[in-house]
Amino acid sequence: MADVATFDADAIKAQVAEGISKIQEASSTKELNGLRTQYAGADSAMTLGSRSIKSLPAEERKDAGKLMGKLRADFGRAFSSRMESVAAKEESDELAREAVDMTLPVRRNPIGARHPLAKLLEDVEDFFVSMGWQIAQGPEVEAEWYDFDALNFGPDHPARQMQDTFYVKGNQAKDAAGFVGSNMVMRTHTSPVQARSLLSRGVPLYVACPGRVFRTDELDATHTPVFHQCEAIAVDKDLTMADLKGVLDKLAVAMFGKDARTRLRPSYFPFTEPSAEMDLWFPDKKGGPGWIEWGGCGMVNPNVLKSAGIDPDVYAGFAFGIGMERTLLLRHDINDMHDLVEGDVRFSRQFVMGE
C-alpha cells in the first residue's frame, strides 16, 4: 500500500477490523504471522496512518493519536490471544504424532535382511514366466547319467574327474535286476534339470532351471564351491540361433537396463552344437564400457535330443546358462565373492530398498 497523503480514520478502522476478523479465523501460526505482516507491518494501513498524523492540523493530532493507539491495542490483543491458542494446539498435535507407546514389546533381536541373490533369482524367474516359459527344479544330489551322460559328456571328459566334481560316497546301488546304477554326484550345473524336463514334459518345451550347483573350487574373490546358475532350454520345430540371440538380448536388458546387449563367440560345449560364449556389453566395466563374458549357449546337440527320445530331424532347440553370482557382481559392482557367502547382515541391508 502506498503512503497516504491524508489521515483517513474510517479506512484505517475498516482495515484493522478486517485484520482482527481474519486473525480470529486463522488456524496456524504461519497464517497468523502473515496476517500480522499484512495488517500491522511497515506497509500496513495502521503504520501508514500513524505516519500521516503529522499532516493533520495540530488540534486534530491528539485525537488521531489516541485512535491509532486504541486500534493497535485492539489488534495486538486479538493477535496475542489467537496466537497463544493456535500455538498450543500445534504443540499438542506435534506431541501426539511423536508419542511413543512405552507399553509396546521391544524387539530384542535385530531384524535381518533378505539376501540379494534370492531376489535376483526371483527376478530371473519372473522374466521367463513373462515370456510364457515354465520354471523347473531338480535334485541337487543327482545321478551321474543326468549330470553327464544325458548331456553328451563322454566317459573321459575332464568334468567327470574328482578334481572337478563332488562324488557322493557309497554312490552305487543295484536295482531289482542286479544292475549297478549310476554314480551319484552333487550336480555340477542345472543342465540335468533340462534332461529331466525333456524326458518328463516332452516337446515343445520352454523351461528355465535356476538353482544351486557344486564344484570343487576354492573360495576366493571370484569362485566358490557352492553357487547358483540359471540354465534354460527351448525345444520346438524350426528354432534357430536367431531365436536364441533374441532371448539373450531381452534377458540382458531385463538384468542390466535398456542399453545392454549381447554377442556370441564360437566355442565348444558337449551338449550344444554349434556352441558359443555369450558376451555382455557392459557400460560400467572397469577401464570403460566394453564386452565382458557372461555365460555359454548354443543349439542343443542332437545326441542330447536322442537321449531323451526326441527326433533331431523334426525338432531343434537352443540352451544357455548364466551364473547368478556373476550377474549380481556385475549389476551391483561387488568385487569379492566372500561378501555373498559370509552372511554379514550389513551387506544384505544395502539392497533392501532395491526390493
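Residues numbered from 1 in each chain as written. Predicted model: local features only at pLDDT ≥ 70, side-chain atom pairs only at ≥ 80, totals over all residues. Heavy atoms only, no water.

1. Some details on the sheet that holds strand β6 (residues 262-269)
As a general point, the strands of a sheet are linked pairwise by backbone hydrogen bonds and lie either parallel or antiparallel. Across the sheet, seven strands lie side by side as β1-β4-β5-β9-β8-β7-β6; this open sheet has mixed pairing. Each edge of the open sheet is held by one strand with a lone partner, namely β1 (134-135) and β6. Two elements, strand β5 (residues 226-236) and strand β9 (residues 316-323), share eight bridges in a ladder whose sense is antiparallel. Bridge pairing in β9 links V235 to G317. Along the sheet face, helix α7 (residues 191-201) touches β1, β4 (205-214), β5 and β9 and points at about 145° away from the line of β4. (Pairing = 2+ DSSP bridges. Helix = DSSP H or I, 4+ residues; strand = E, 2+ residues; numbered from the N terminus. Contact = heavy atoms within 4.5 Å. Axes fitted to C-alpha atoms, helices over the stretch in contact; angles between N-to-C directions.)

2. Remarks on the environment of C230
Residue placement: C230 occurs in strand β5. It is 6.8 Å that separates the C-alpha atoms of C230 and A208, two residues lying 22 residues apart in sequence. Excluding anything up to four places from it in sequence, C230 contacts V124, F128, T190, A208, C209, P210, F320, G321, I322 and M324.

3. A word on the pairing of β4
Burial of β4 is extensive: eight of the ten residues sit out of reach of the surface. Across two bridges, β1 lies against β4 in parallel orientation. Bridged to I135 within β4 is A208. Note: β4 against β5, ten bridges, orientation antiparallel. Looking across to β5, one finds that P210 is bridged to C230. (Buried < 20%, exposed > 50% of the residue type's maximum accessible area, 1.4 Å probe, protein only.)

4. Focus on the packing of aromatic side chains
Tallied over the full model, the rule gives 13 aromatic pairs. Ring centres of F128 and F320 lie 6.2 Å apart, and the angle between their planes is 25°; this geometry places the pair in the stacked category. One end of the pair, F128, is in helix α5 (residues 116-130); the other, F320, is in strand β9, and 192 residues separate them in sequence. F128 sits in the buried class, given a relative accessible area of 1%. Residue F320 is classed as buried on the basis of its relative accessible area of 3%. Centroid distance F153 to F271: 5.7 Å. Interplanar angle 40°. Geometry classified as tilted. Taken together, the residues span a long stretch of sequence, with F153 in the loop between α6 (144-147) and β3 (184-186) and F271 in the loop between β6 and β7 (272-282) at a distance of 118 residues. (Phe/Tyr/Trp six-rings, centres within 6.5 Å; stacked < 30°, edge-to-face > 60°.)

5. Structural notes on empty space enclosed by the protein
Tallied over the full model, the rule gives two cavities of 30 Å³ or more. Here the largest cavity is characterised by a volume of approximately 50 Å³. Taken together, L151, Q194, A195, L198, I233, F271, T272, V300, V304 and A319 make up the full set of residues lining the largest cavity. In terms of residues, the lining of the largest cavity owes the most to one element, α7, which gives three residues. Residue lining of the second largest cavity: Q15, V16, Q38, Y39, S44, A45, M46 and F75, and that is the complete set. When residues of the lining of the second largest cavity are traced back to their parent elements, those giving at least two are α1 (9-25), α2 (29-40) and α3 (45-52). Among the residues forming the lining of the second largest cavity, the class breakdown is five nonpolar, three polar and no charged. (1 Å grid on protein atoms, 1.4 Å probe; cavity = no way out; pocket = protein on both sides within 12 Å on 5 of 7 lines; lining within 4 Å. Points joined across faces, edges and corners; volume = space filled by probe spheres on them. Nonpolar A, V, L, I, M, F, W, Y, C, P; charged D, E, K, R; others polar.)

6. Observations concerning the confidence of the model for the chain
For any part of a model where pLDDT is low, the fine detail of the predicted coordinates should not be relied upon. Model confidence for the chain is summarised by a mean pLDDT of 87, while 94% of its residues fall at 70 or above. Here α3 stands out as the element of the chain with the lowest mean pLDDT, 84, in contrast to β1, whose mean of 96 is the highest. (pLDDT = per-residue confidence, 0-100.)

7. A few points about α2
Its twelve residues give α2 an end-to-end C-alpha distance of 16 Å, which sits within 8% of 16 Å, the value for a rise of 1.5 Å per residue. What α2 keeps buried is the set L32, L35 and Y39. The arc enclosing the buried residues of α2, seen along the axis, measures out at 60°, which places them on a common side. Exposed and oriented more than 90 degrees from the buried face of α2 are K30 and T37. The elements touched by buried residues of α2 are α1, α3 and α4 (58-97). (Expected span 1.5 Å × (residues − 1). Arc of directions from axis to C-beta.)

8. Observations regarding a negative patch on the surface
Negative charge collects at one region of the surface, where D164, D217, E218 and D220 lie side by side. Looking at where D164 falls in the secondary structure, it is placed in the loop between α6 and β3. The class for D164 is partly exposed, based on a relative accessible area of 33%. (Patch = residues over 30% accessible without salt bridge, like charges linked within 9 Å, V, L, I, M, F, W, Y side chains within 5 Å. Areas by Shrake-Rupley, 256 points an atom, 1.4 Å probe, with all protein chains shown as cover. Salt bridge = Lys/Arg side-chain N within 4 Å of Asp/Glu carboxyl O. Lys, Arg positive; Asp, Glu negative; His and termini not counted. Charge placed at Lys NZ, Arg CZ, Asp CG, Glu CD.)

9. What to know about the pattern of salt bridges
Two side chains of opposite charge can pair, provided their charged atoms sit close to one another. As enumerated under the stated definition, the model contains 16 salt bridges in all. A salt bridge links E122 to R114; the nearest nitrogen and oxygen atoms lie 2.4 Å apart. The exposure class assigned to E122 is partly exposed, which follows from its relative accessible area of 34%. Judged by its relative accessible area of 34%, R114 falls in the partly exposed class. Note that D123 and K119 form a salt bridge whose closest N and O atoms lie 2.9 Å from each other. Of this pair, D123 and K119 both sit in helix α5, separated by four residues, roughly a single helical turn. Salt bridges linked by common partners bring K70, D74 and R77 together as one network.

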